Amino acid sequence: MKPAPFSYHRLQTVAELVGLKARLGDAAVILAGGQSLVPMLTLRLSRPEHVIDVNDIVEMDHILPEQDGLRIGALVRHQHVAESAVVATHLPLLRRMAGGIGNYAVRQRGTIGGSLVLADPAAHMPLAALLFDARLVLRSARGVRTAAYRDLYRSPLNCALDAGEVVVSVCFPRQPEAMRAVAEMFHVTAGSFPALICAVRLVADAQGGLAGLTIVVAAGAVRPPVMEGMFDDLRGVRPDAALRGEVARRVVAHMGGLIGQDAAGRYLLSVLEGRMAVCLAGAAGDTKEGAGA
Amino acid sequence: MIISLTVNGEVRDVAVEPHYLLSDVLRDRLDLTATHVGCEQGICGACTVLVDGQSARACLLFAVQMEGHAVTTLEGGAPSAELRALRAAFHTHHAQQCGFCTPGILMTFAAYLRDHPDCDEAGVRAVLGGNLCRCTGYGPIVRAIMAASAALREVADV
Amino acid sequence: MSEREAYVGQPRPRREDHRLLAGLARYVDDIKVAGALHAAFLRSPHGHARIVSIDVTAALELPGVVTVVTGEDLAEDVTDLTVAPPIEGLRPTSMPVMPVDRVRFQGDLVACVVAADRYVAEEAMERIVVEYAELPAVSDMFAALRDDSVLVDEALGTNLVARRVHRAGDPEARLAAAPRVIEAEFHQQRQTHAPIETRGCIAQWDPGREHLTLVIGSQVPHPLRTQIVRRLGLRDSQVSVSSPDVGGSFGQKIALYREELAICALARRLGRPVRWKEDRMENLLAACHAREQWCRTRAAVDDTGRILGLTLEMVEDFGAYCFYPANYISEVVGIILTGQYGIADYGYEIRVALTNKCGVGPMRAPMAMASWVMEGTLDVIARRLGLDPAEVRRRNMLADQALPYAMPGGETLLDVNCAETMETALDEIGYAAHRPHDDGRYLYGLGLCNVVESTTYGSRFYKNSGIGGSGHEAARIIVEPDGTVSASVGMAAAGQGYETTFAQVVADGVGVRPDDVAVTLGHSDTSPYGMGSRGGRGATAGGGALYLCAAEVRAHLLRLAAHRLGLNATDGLGLRDGRIVWVRAGGSEETGLDVADLARTAYFDPLALPEGMRPGLEFYRTYDPPPMTFSNSTHACRVRIARETGRLEILDYLVVENCGTVINPLVVHGQQAGAVAMGLSGTLLENVVYDQAGRNLSATFADYTIATVADIPAIRIIARATPSSRTPLGLKGMAEGGVMGAIGAVANAVNDALSVVGAQVTCLPLTPMRLHAAIHDGIGRAAQGQEG
Ligand SMILES: Cc1cc2nc3c(=O)[nH]c(=O)nc-3n(C[C@H](O)[C@H](O)[C@H](O)COP(=O)(O)OP(=O)(O)OC[C@H]3O[C@@H](n4cnc5c(N)ncnc54)[C@H](O)[C@@H]3O)c2cc1C
Ligand code: FES
Ligand code: FES
């Protein structure tokens, strides 16, 4: 288990980065925290000719509250997100998710950009980005564009950047006052990826009825689905126990169609059912049952 | 290529190839063998060192990346107060048997105790979850870390 | 012998710790050898295949590559390993150092590259072109035993590599006549040792002296040397084996593996040092696996739960190659199964199968399954008859007066206090108040496991069981000219703290301070030839040999002292902390002489020695311990299982333990807790998984999960020790029982909890998914405890 040889480039600015990326094309990969890329290189699952180290690019390492939301540089480490007071005020759930990643040493190096580009189906950050409909700021020699992560994340381990594109930052849209977001993670063993994450984002209307409901579930080796439109008919209804039961049923049925009904699938669905109840109760503000955001 | 990195406070020039892992360069080129390699996948934690004072897996870093950064290994020059307290407590509490996991645990907590002087057992356990030990069953390690933390607080109070 | 044990029994922190904590320890891979080349092994990606051709040309062209060898090349230098002890029912097997034309499991050896460093070696491996003709594989032991199965070893003509049958009394007649026959099944999954330090070695050949030096993390330096010598056609005096600090072993670092032998052969062939460090994937794929065993018991019982006769049927999966006699591991399960229970009519039948999987070997408590099977059987009996499980145990347990007891498996049980450990455990765990129950969220259960831990394994055991080999150990003690003491035995440590505990034993035996005793281990040149560390024999065999040797040292020193003091006899003289004293009622009085004075005389003033006493102070003594010593314990735990997720939580875990005289409570506690943790890890998490084609799906730590701190509960250890009546100092072994008890206690607690919903589990590991299925799908319901 040793990586194959490659040439190494260490850059200081995004401009240099997009220039080099344009020149080297697919022969080059970007090295951020390396917490996923290095094991892949060591196992020789990936054999790039060039490795571009972006760890010095300070312009990608910032957390900025902005008019329309929260901007997080691609190079921001998980531990930074987990300890950030700014994130805590704007998106407490994101902070909690970051703190749940892997282990302390992995969080010290792993980055949000790397996580999103890797698009591991069991990972925390991609799930959060899907839930909050985050947009990635992408740069290439052709210029800057932003794209919804929901559109980029096509399938497991496939975040469809265009040729020569790099992620500069990610923007989590500003959330309405009446939004609550809750997630539940289920680990079979500590220290590694959870077997299941479910996350709920609930926006209430002035009467306390549902104004918006988004649910994302990471389970099995599928791209976590964003479940939203399937709750349109429930708008305005109060999220009481009966409604939550209905929502959970729909979620479980939808996931069942995706991850299959073999023993492992059945098991995950059953766990999901229970976790959904907790999540939904929390999102509905029923603190008796839920953990709350 | 020759790179120059600061290891345990000393600037060292070392010939490496870009694909050499930091763990291998520390051990094989710089003779710093306290950093152990147990999995090369970031899972076991035996290779944990400090990079600019923060814990990191040496098996998930390339040595070339360390140019301009400070790496600290268990051998590291003058030990910090945290490391001294940890060593004493690990000895008293019999927190190592074969000792292979020990350097990674000591480095992880040298940084953690420094940054979290008021840590509680739950916090310590959560962090220790990133290090595998096949010998002790972890109980003595947790007790030793808590004892080290208490000892450091006592010193700080005086 | 000595007036009192001053240091044995003290919880002394270990002297090994300093180097481990300072980062100054030396494990194999830390040792620099100038000019050493690095080896890497190309391994089979297939579970079973014929090697059609191997083309190494491109690999050899890579700069930095020194050589690439295949099985065919090495066959010239190394003889095959033949395992053929004269054991009825065991088929002899043979294997070359590297396969020549057929690979038998994924990870099997195909070629070895030797290069300037590991990075180059791995590059070169990618350039080796191997053409395989894939063969059907058999990865299930039951399938392997069917007549139409693919053959793993064609030379054998069958996959049934061993079948052993043992009978005491007439268990079949008991079963036929009994009011009830209760059957129970147990299936333990394949596991692997996974020491955090993988295997590795450095071999150096000195062409001038024609001498091979091997540095290797090993539990058994001398037996390893014997193997090397045989396979390479050398003489004992031509090989030195040394084991430096070892980063865990648990039974994995006993056998001489093919990789290590290949490295030795290559060092000799090239005349240059060659080193190899196994990576984690190799370790999980191809080092050594363990524990894949299935058992079925049939118990003839009366209505009170008394067992009238018992049979055990056992099948073990031994993988593709035999590094040990294939009956060796399961046989011990058969021998000790009945433990502390009085069962005269007993029989076992063991079948061992070859499969296209990694070969297996002993893993910390190789006989671990025995306790689960016996105690699980008792629980099934209790449940079927509606009796209290503790009461069923009491009814079957031997009374203390019945000891020594000739066990139906053939060994003699003695020095155990099973009733005492069990009753203490019942009190401590709150047994009386417990009922399995379900509060809607959790199912609650309590599990008990009485353990009789066979330890030590003297020569008589090997002879009796037909396994062959010696169980003795050898000690050498030197009182150096400055009066300090150097002691050694043939064992090698892998974290057990021998340097500390053996110093305590020698200190008491001689009458000096532990700080004046240096313990050096693990080198075949400087340690006496011993059988090494395995089977929980460290304390008894190693400590015993040292203590007996130390007593000779003491007697010799006292004779010399008497002479120096002008006395005819040693009466009234004693040795305390290195000083010669007059022993008086209520104290002692200095004579003014100390060990350093005597050593000076012995080395530098031989004419001052008494008549007939030779100069120098070197002592050698061997010791063959009893066939077995028995430690015993009761493990008890309370668990709860979440209905929703199937997740198991251990609410309380305790061990009441009798492990004989404790040399150092700190170290012994550490070993016991570590053993329990390993047992829990195996029971709850670990699983080596192969698919039908023989592909290993658990070759990284992400897939082969071992316990983290979050998985191990607090472990309470309560001592109820009684010394062994037959060993020096009353020592017994103790580092394995924890594994045995953990499996049984947790599995029994889980089944106690599951009984509330009428379900049972018979297969390990007890993953949340398995428990969830048991609760909700009724899987495993009524599978256990059928009357047959
Ligand atoms: C033991 C262990 C446990 C873990 N447990 C978890 C867990 O529980 N949950 C979890 O979510 N993750 C977990 N991880 C993964 C961890 O979070 C990684 O950090 C993360 O997946 C990748 O981030 P990185 O910065 O390390 O990226 P890298 O490994 O450096 O890169 C990952 C991929 O992203 C690309 N990339 C990186 N940055 C950019 C950029 N700016 N633009 C374009 N492409 C880019 C790289 O080229 C590469 O393809 C674990 C990792 C380990 C080793
Ligand atoms: S060797 Fe780096 S984490 Fe295991
Ligand atoms: S002490 Fe051996 S692995 Fe931790």
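Calculation notes
Residues numbered from 1 in each chain as written. Chains lettered and ligands numbered in written order. Predicted model: local features only at pLDDT ≥ 70, side-chain atom pairs only at ≥ 80, totals over all residues. Heavy atoms only, no water. Buried < 20%, exposed > 50% of the residue type's maximum accessible area, 1.4 Å probe, protein only. Helix = DSSP H or I, 4+ residues; strand = E, 2+ residues; numbered from the N terminus. Pairing = 2+ DSSP bridges. Phe/Tyr/Trp six-rings, centres within 6.5 Å; stacked < 30°, edge-to-face > 60°. Lys NZ or Arg CZ within 6 Å of the ring centre and 35° of its normal. Near = heavy atom within 4 Å. Polar contact = N/O pair within 3.5 Å; in protein donor to acceptor, adjacent residues only side chain to side chain. Areas by Shrake-Rupley, 256 points an atom, 1.4 Å probe, with all protein chains shown as cover. Axes fitted to C-alpha atoms, helices over the stretch in contact; angles between N-to-C directions. Contact = heavy atoms within 4.5 Å. Buried area = accessible area lost by both parts, 1.4 Å probe. Salt bridge = Lys/Arg side-chain N within 4 Å of Asp/Glu carboxyl O. Nonpolar A, V, L, I, M, F, W, Y, C, P; charged D, E, K, R; others polar. Domains from an automatic or database assignment. pLDDT = per-residue confidence, 0-100. Expected span 1.5 Å × (residues − 1).

Under an unreviewed UniProt entry, the name given to chain B is (2Fe-2S)-binding protein, and the source organism is Gluconacetobacter asukensis.

An unreviewed UniProt entry annotates chain A as Xanthine dehydrogenase family protein subunit M of Gluconacetobacter asukensis.

A. Region of interest: the pairing of strand E11 (residues 179-186) of chain A. All names here are of chain A. Most of E11 sits inside the fold, with 7 of its 8 residues counted as buried. In terms of strand pairing, E11 meets strand E12 (residues 196-204) through 8 bridges, oriented antiparallel. What sits directly across from Val182, in E12, is Val200.

B. Main features of the packing of aromatic side chains. If you walk through the whole model with that rule in mind, you get 20 aromatic pairs over all chains. A ring pair is formed by Tyr457 of chain C and Phe461 of chain C, whose centres lie 4.9 Å apart and whose planes are at 70°; its orientation type is edge-to-face. Take Tyr457 of chain C and Phe461 of chain C: they sit in the same class, and that class is buried. Put simply, the rings of Tyr104 of chain A together with Phe109 and Tyr112 of chain B touch in pairs and so form one group of aromatic residues. Positioned over the ring face of Tyr153 of chain A is Arg223 of chain A, at 5.1 Å from the centre of the ring. Cation over ring: Arg258 of chain C sits above Tyr321 of chain C, and NZ or CZ is 4.4 Å from the ring centre.

C. Local environment of the site of ligand 1. Residues and elements named next belong to chain A. Around ligand 1 there are 32 residues in total, and Ile30, Gly34, Gln35, Leu37 and Thr111 lie nearest to it. Within the backbone of Ala32, one N or O atom sits 2.9 Å away from an oxygen atom of ligand 1. At a separation of 3.0 Å, a nitrogen atom of ligand 1 approaches a polar backbone atom of Val167. Summarising the interface, the protein chains cover 94% of the accessible area of ligand 1, which totals 960 Å² for the free molecule. Every element with two or more residues in the shell around ligand 1 is listed here: strand E2 (28-31), helix H7 (112-118) and strand E10 (166-173).

D. Seen up close, the sheet that holds strand E26 (residues 517-519) of chain C. Residues and elements named next belong to chain C. Taking strand neighbours across the sheet as the criterion, the 4 strands line up as E26-E25-E24-E30 in an open arrangement whose pairing is mixed. Both edges of this open sheet fall to E26 and strand E30 (618-623), since each of them pairs with a single strand only. Each strand axis lies, on average, 20° off the axis of its neighbour in the sheet, ignoring direction. Pairing analysis gives 3 bridges linking strand E25 (residues 485-489) to E26, with the strands arranged parallel. Across the sheet, residue Ala487 finds its bridge partner in E26, namely Val519. Along the sheet, helix H15 (residues 498-511) makes contact with strand E24 (473-479), E25 and E26, crossing E26 at roughly 140°.

E. The arrangement of the interface of chain A and chain C in detail. Taken together, the 21 residues of chain A in the interface contact 19 residues of chain C. Counting each side, the surface lost to burial between chain A and chain C is near 1,800 Å², with a carbon and sulfur contribution of 58%. Contact with chain C buries area across many residues of chain A, yet Met1, Lys2 and Tyr267 of chain A alone supply 32% of it, more than any other trio. The interface formed by chain A and chain C holds 6 salt bridges in total. Residues Arg44 of chain A and Glu123 of chain C are paired through a salt bridge, measuring 2.8 Å at the closest nitrogen-oxygen approach. Joining chain A to chain C, the criterion identifies 10 residue pairs in polar contact (both at pLDDT 80 or more). Residue contributions to the side of chain A that touches chain C peak at 8 residues, all from helix H11 (residues 263-283) of chain A. When its residues are assigned to classes, the side of chain A that touches chain C shows 12 nonpolar, 4 polar and 5 charged.

F. The arrangement of the side chain of Thr198 of chain C in detail. Residue and element names in this part refer to chain C. Along the chain, Thr198 turns up in the loop between strand E11 (191-192) and strand E12 (200-206). Here Glu278 takes part through its backbone oxygen, which lies 2.7 Å from a polar atom of the side chain of Thr198. Ignoring anything within four residues of it in the chain, the contact list for Thr198 reads Lys253, Lys277, Glu278, Asp279, Arg280 and Asn283.

G. Layout of the interface of chain C and chain B. Each partner contributes residues to the interface: chain C has 48 residues there, and chain B has 43 residues. Summed over both sides, the interface between chain C and chain B buries roughly 3,700 Å², with carbon and sulfur atoms accounting for 57% of that surface. If you sort the residues of chain C by the area they bury against chain B, Leu21, Tyr119 and Val709 of chain C come out on top, with a joint share of 22%. With a shortest N-O distance of 3.8 Å, Arg29 of chain B and Asp117 of chain C are connected by a salt bridge. For the interface between chain C and chain B, the tally reads 24 residue pairs in polar contact (both at pLDDT 80 or more).

H. Representation of the domain arrangement of chain A within the structure. Residue and element names in this part refer to chain A. Each domain of chain A was delimited in the assignment, giving domain 1 (7-52), domain 2 (62-173) and domain 3 (181-283). Once you take the C-alpha centre of each, domain 1 and domain 2 turn out to be 18 Å apart. Summing both partners gives a buried area of about 960 Å² for domain 1 against domain 2, and 75% of it is carried by carbon and sulfur. The tally of links between domain 1 and domain 2 comes to 0 salt bridges. At the boundary of domain 1 and domain 2, one finds 0 residue pairs in polar contact (both at pLDDT 80 or more).

I. Representation of the confidence of the model for chain B. The predicted model of chain B has a mean per-residue pLDDT of 96, with 99% of residues at 70 or higher. In the predicted complex, the global pTM is 0.96; the interface-specific ipTM is 0.97.

J. Quick peek at the pattern of salt bridges. All names here are of chain A. Enumeration over the complete set of coordinates arrives at 74 salt bridges over all chains. Between Glu165 and Arg145 there is a salt bridge; the shortest N-O distance is 2.6 Å. Separated by 20 residues along the polypeptide, Glu165 in the loop between strand E9 (158-159) and E10 and Arg145 in strand E7 (residues 143-148) bring together distant segments of the chain. Residue class for Glu165 comes out buried when judged on its relative accessible area of 6%.

K. Inspection of helix H11 (residues 369-385) of chain C at higher detail. With 17 residues, H11 of chain C extends 24 Å from end C-alpha to end C-alpha; this agrees with the ideal 24 Å at 1.5 Å per step. Burial runs high along H11 of chain C: 15 of the 17 residues are buried.

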